[in-house]
Amino acid sequence: MLILLNTYPLVVSQNMVFRSKETTMQSSVSVMVYSLSGLDKLNEENVAAAMAVVEETGLSRILVTDSAGKVLYDTRETGGAVGQYTLYTEIVQALMGNDAFSCIFKNGAFRSRASSPVLYQNQIIGAVYAYEYDTEQAALLEGLQGNLLRLSGVIGVVVLGLSLVLSKALTKKIGLLLTAIRKVREGAYSHRAEIRGRDEIAQIGEEFNSLTDRLQTTENARRRFVSDASHELKTPLAAIRLLTDSILQTDSIDPETTREFVSDIGQEAERLSRITEDLLRLTRLDSSVLDAASAVDVLPVLEQVLRMMGLVAQEKGVDLTYDAAEGCAVLSSKDELHQVIYNLVDNAVKYTPAGGAVQVSLKREEGQVVLSVADNGNGIPEADLPRIFERFYRVDKARSRAAGGTGLGLSIVSDTVKQRGGTVEAANRPGGGAVFTVRWPAVKGGGAV
Ligand code: ADP
């Protein structure tokens, strides 16, 4: 743009000057030609006489030649060319019968040359040549050039300054973002990119921060999970060590006590294997390694679980009943489905005291298969309800442990159901007790178990 600003106005002005010079110079030459037009032959005397009446209009030099190009009249006082032959292009052109004009702008001056033939009865008898050296208009043009240059300088400095300020602000923001990325990459998950403004970089900063928030949450959950898992594994291992030490260190231990201790060791070992099984299941769910899914009819799987749990409930004095509709199929695998229903019914029986009742219902509702497991036990404190599906979260640790719980059952249920596009929610019943409701998208079909 600056180059254009510096060239275009100058080229236009130069052209305008050239055109005005052409008009004025050619009209001056015409006047001279007119004053010579009455002569049949040109010589030094008659030309000088004719030219004496012509008013010189600021021209630097005027030449008149005869038809052979010999100079008959020259306004230059010293070093005039009278008597010499001249070969100026314009004169040659004029002697060939053409008007000629040329103008150049060089070294701070316009140099214009114009010529015309002098005719007598259609015969070329000579030529008039005029030369003008004009510094006035050239000075104006150079002034314009200078002003444009100064203006360009100011514009250039302003633009440069503005781009420096803007690019500095931009690189500062990018720098902040880069620092934040580096810090988070090195593990400082609490670091946030503080980028002010509403531009795209500030938006990227916000996105980055919310990504880091999620990363931090996931990282915290992972750490808590690892620490909880180690703790859960440590407890039965410590019990096993304690029991084996007791057996080994007691000299006269009676066989009855030994059997009791060994049975306790067995129970703790069983607990360990339950925890590791559940952990493995969760790890598989985390890595999204799903069993091959097909349309599975829920009812046969539910009946199988209830047959298993029926005996346990009976032993505990809990009434286990169900009300199930046929034709409820979901996209899943039988093992997965079994695990989900088993965990829920097992919990209901586990956390319902003797004399209580557990009701299971299965139905189709607006394109969904709905399974609900309701009991009339103690229910779940409202404050614990939102966290009940977290890994190792238990309302009453001692009670859960005593009942053989690992604290992973509901997380397995929730993760499994979510992986298949379903939902699970826990609530307390108005009359007391808890109710768990699972909803899967219903599908057609489903084979026998
Ligand atoms: P656990 O192995 O301890 O049963 P879960 O993940 O299955 O672990 O359940 C988490 C916790 O939710 C339990 O420890 C218990 O406190 C509570 N809970 C689950 N089901 C019920 C229920 N039907 N009634 C009351 N509390 C329940």
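Computed from a predicted structure; not experimentally measured. (Residues numbered from 1 in each chain as written. Predicted model: local features only at pLDDT ≥ 70, side-chain atom pairs only at ≥ 80, totals over all residues. Heavy atoms only, no water.)

Q: Where do I start with the overall build of the chain in this structure?
A: A count of helices and strands for the chain gives 10 helices and 12 strands. Relative to its length of 449 residues, the chain is extended, with a C-alpha radius of gyration of 54 Å against a globular reference of 22 Å. If you line up the chain on its principal axes, its C-alpha atoms span 160 × 55 × 35 Å. Expressed as a percentage of its 449 residues, the buried residues of the chain come to 38%. If you take every contact in the chain between residues at least 6 apart in sequence, the share linking residues at least 24 apart comes to 65%. As displayed, the chain has an accessible area near 26,100 Å², and 55% of this comes from carbon and sulfur atoms. Across the chain, 47 positive and 55 negative side-chain charges occur, with their mean positions spaced 3 Å apart. (Helix = DSSP H or I, 4+ residues; strand = E, 2+ residues; numbered from the N terminus. Rg over C-alpha atoms; globule rule 2.2 N^0.38 Å. Buried < 20%, exposed > 50% of the residue type's maximum accessible area, 1.4 Å probe, protein only. Contact = heavy atoms within 4.5 Å. Areas by Shrake-Rupley, 256 points an atom, 1.4 Å probe, with all protein chains shown as cover. Lys, Arg positive; Asp, Glu negative; His and termini not counted. Charge placed at Lys NZ, Arg CZ, Asp CG, Glu CD.)

Q: Even after reading the chapter, I still don't get helix α8 (residues 334-350), so can you show me in this structure?
A: A turn of α-helix holds 3.6 residues, and therefore any two residues three or four places apart point the same way. A rise of 1.5 Å per residue sets the reference length of α8, with its 17 residues, at 24 Å; its end C-alpha atoms lie 23 Å apart and thus fit the reference within 8%. By the criterion of burial, α8 is predominantly enclosed, with 13 of the 17 residues buried. (Expected span 1.5 Å × (residues − 1).)

Q: I would appreciate a short explanation of the packing of aromatic side chains in the present structure.
A: One pair of aromatic rings is described through two measures. These are the centre distance and the angle between the planes. According to the stated counting rule, one finds five aromatic pairs in the structure shown. One aromatic cluster in this structure is built from F18, F105 and F110. (Phe/Tyr/Trp six-rings, centres within 6.5 Å; stacked < 30°, edge-to-face > 60°.)

Q: Whenever I open this one, the site of the ligand confuses me. Can you help?
A: Taken together, the neighbourhood of the ligand is formed by 20 residues, with N347, Y351, S400, T406 and L410 sitting nearest. Within the contact set of the ligand, an oxygen atom lies 2.8 Å away from a side-chain nitrogen or oxygen of Y351. Considered on its own, the ligand offers 520 Å² of accessible surface; in the complex 96% of this is hidden by protein. Judged by the proximity of its atoms to the pocket grid, the ligand belongs to the largest pocket. (Near = heavy atom within 4 Å. Polar contact = N/O pair within 3.5 Å; in protein donor to acceptor, adjacent residues only side chain to side chain. 1 Å grid on protein atoms, 1.4 Å probe; cavity = no way out; pocket = protein on both sides within 12 Å on 5 of 7 lines; lining within 4 Å. Sits in = over half its atoms within 2 Å of the grid points.)

Q: I tried to follow the nonpolar core on my own but got confused; where do I start?
A: Nonpolar side chains in soluble globular proteins tend to end up buried together. Membership of the largest hydrophobic core comes to 40 residues, with the highest contact counts inside it found for I341, L344, V345, V360, L371 and W440. Of all the elements in the fold, those that place two or more residues in this core are α7 (298-316), α8, β9 (357-365), β10 (368-375), α10 (409-419), β11 (423-428) and β12 (434-443). When residues of this core are assigned to their parent elements, the largest contribution, eight residues, is made by α7. Dropping the residues within four chain positions of it, W440 is found in contact with V330, L337, V340, G367, Q368, V369, L371, V417, R420 and G422. (Core = buried A, V, L, I, M, F, W, Y, C linked by side-chain atoms within 4.5 Å.)

Q: Looking at this structure, how should I read the domain arrangement of the chain?
A: How big an interface is tends to be stated in terms of accessible area lost as the parts join. Parsing the chain into structural domains produces domain 1 (2-134), domain 2 (154-288) and domain 3 (294-443). Taking only C-alpha atoms, the centre of domain 1 and the centre of domain 2 are 96 Å apart. (Domains from an automatic or database assignment.)

Q: So what exactly am I meant to see when it comes to a nonpolar patch on the surface here?
A: On the surface, L2, L151, I155 and V159 cluster together to form a nonpolar patch covering roughly 310 Å² of accessible area. Element by element, the count of residues in the nonpolar patch is highest for helix α4 (residues 136-185), at three residues. Structurally, L151 can be placed in helix α4. The class of L151 is partly exposed, set by a relative accessible area of 43%. (Patch = residues over 30% accessible without salt bridge, like charges linked within 9 Å, V, L, I, M, F, W, Y side chains within 5 Å. Salt bridge = Lys/Arg side-chain N within 4 Å of Asp/Glu carboxyl O.)

Q: Teacher, can you tell me more about helix α1 (residues 2-36) here?
A: The end-to-end C-alpha distance of α1 is 51 Å, a good match for the 51 Å that 35 residues give at a rise of 1.5 Å each. Buried within α1 are the following residues: N6, L10, S13, V17, K21, M25, S28, V29, M32, V33 and L36. In this structure, the buried side of α1 is in contact with α2 (44-52), β1 (61-66), β3 (100-106), β4 (109-120), β5 (123-134) and α4.

Q: Hey, could you run me through the packing of α1 against α2 in this one?
A: Two numbers describe a pair of packed helices, the interaxial angle and the distance between the axes. Running from N to C, α1 and α2 cross one another at 125°; their axes reach a closest spacing of 9 Å. Here α1 lies oblique to α2, going by the angle between them. For the pair α1 and α2, the crossing hand works out as right-handed. Contacts from M32, S35 and L36 in α1 reach V47, A50 and M51 in α2. Of the residues belonging to the contact of α1 with α2, the class tally is five nonpolar, one polar and no charged. (Axes fitted to C-alpha atoms, helices over the stretch in contact; angles between N-to-C directions. Parallel < 35°, antiparallel > 145°, perpendicular 65-115°, else oblique. Left-handed = near helix turned anticlockwise from the far one by under 90°. Nonpolar A, V, L, I, M, F, W, Y, C, P; charged D, E, K, R; others polar.)

Q: Hey, could you run me through the environment of T321 in this one?
A: The topology assignment puts T321 in strand β7 (residues 319-324). When the C-alpha positions of T321 and L306 are compared, they lie 8.5 Å apart, and in sequence the two are 15 residues distant. Ignoring any residue separated from it by four or fewer positions in sequence, one finds T321 in contact with V358, Q359 and V360.

Q: Would you mind showing me how to read the side chain of N343 here?
A: Looking at the element boundaries, N343 is found in helix α8. Excluding its chain neighbours within four sequence positions, the residues that come into contact with N343 are G409, I412 and V413.

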